[in-house]
Amino acid sequence: QVQLVESGGGSVQAGASLRLSCTASGVRNNYMGWFRQAPGKEREFVAGISWSGGRTAYADSVKGRFTISRDNGQNTVYLQMNSLKPEDTAVYYCAARDGTLARVGTSSYAYWGQGTQVTVSS
């Protein structure tokens, strides 16, 4: 059974950095992703990574600022967030697919963590 636990959220000023971690159990070669949901908005794709880490994908809004990586030995996926903006404020979720291909839709992910809050003030 796949279980995902996020950590690393917090409250920061604009321009600061945060690193989110997702500790995963029960994953094998699952494609993993980070999503976020701001108040009153739909959950949206942020970044994704293949099992090997060789293939990554990013939403246009975070390209050049966020970096996704994974350490399979530690069963952990990371999201390094730099140059944070107030519009990055959201609950961030880690997710895993039952498959190896990249997908950006929430319905393509079967497993979800509980989420971690990121708040960026101006």
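Further up the page is the structure itself.
Here is what the cut-offs are and how they apply
- Residues numbered from 1 in each chain as written.
- Predicted model: local features only at pLDDT ≥ 70, side-chain atom pairs only at ≥ 80, totals over all residues.
- Heavy atoms only, no water.
- Helix = DSSP H or I, 4+ residues; strand = E, 2+ residues; numbered from the N terminus.
- Core = buried A, V, L, I, M, F, W, Y, C linked by side-chain atoms within 4.5 Å.
- Buried < 20%, exposed > 50% of the residue type's maximum accessible area, 1.4 Å probe, protein only.
- Pairing = 2+ DSSP bridges.
- Axes fitted to C-alpha atoms, helices over the stretch in contact; angles between N-to-C directions.
- Contact = heavy atoms within 4.5 Å.
- 1 Å grid on protein atoms, 1.4 Å probe; cavity = no way out; pocket = protein on both sides within 12 Å on 5 of 7 lines; lining within 4 Å.
- Points joined across faces, edges and corners; volume = space filled by probe spheres on them.
- Nonpolar A, V, L, I, M, F, W, Y, C, P; charged D, E, K, R; others polar.

### Description of unusual backbone geometry
Move 1: With a phi angle near 55°, Asn 75 is a residue other than glycine that sits in the positive phi range.
Move 2: Inspection of the secondary structure assignment puts Asn 75 in the loop between β7 (66–71) and β8 (76–81).
Move 3: With a phi angle near 50°, Ser 83 is a residue other than glycine that sits in the positive phi range.
Move 4: Within the secondary structure, Ser 83 sits in the loop between β8 and β9 (90–96).

### Quick notes on the nonpolar core
One recurring pattern in soluble globular proteins is that nonpolar side chains are buried together.
Move 1: With 27 residues, the main nonpolar core has Met 32, Trp 34, Leu 79, Met 81 and Tyr 92 as its most contacted residues.
Move 2: Listing elements by their share of this core, those giving two or more residues are β3 (18–25), β4 (32–37), β5 (44–49), β7, β8, β9 and β11 (116–121).
Move 3: Judged by nonpolar contacts, the second largest core, of five residues, contains Tyr 31, Phe 35, Ala 95 and Tyr 109.

### Details of the sheet that holds β7
Move 1: Pairing in this open sheet of four strands is antiparallel, and the strands run β1-β3-β8-β7 from one edge to the other. The sheet is open, and its two borders are formed by β1 (3–7) and β7, each paired with just one other strand. When the angles between neighbouring strand axes are averaged without regard to direction, this sheet yields 15°.
Move 2: In the sheet, β3 pairs with β8 via six bridges, with the strands oriented antiparallel. Bridge pairing links Cys 22 to Val 77 in β8.

### Topic: the environment of Phe 66
Move 1: Structurally, Phe 66 is set in strand β7.
Move 2: Taking the relative accessible area as the measure of exposure, Phe 66 reaches 2% and is therefore buried.
Move 3: A sequence separation of 26 residues divides Phe 66 from Tyr 92, and the C-alpha atoms of the two residues are 13 Å apart.
Move 4: Ignoring sequence-local partners within four residues, the contact set of Phe 66 consists of Arg 36, Val 46, Tyr 58, Leu 79, Gln 80, Met 81, Asn 82, Leu 84, Asp 88 and Tyr 92.

### Here's the deal with empty space enclosed by the protein
Move 1: One pass over the structure, following the stated rule, counts one cavity of 30 Å³ or more.
Move 2: The space that makes up the largest cavity amounts to roughly 40 Å³.
Move 3: What lines the largest cavity is Ala 24, Val 27, Met 32, Trp 51, Arg 70, Asn 72, Asn 75, Thr 76 and Val 77.
Move 4: When the residues that make up the lining of the largest cavity are grouped by side-chain class, the tally is five nonpolar, three polar and one charged.

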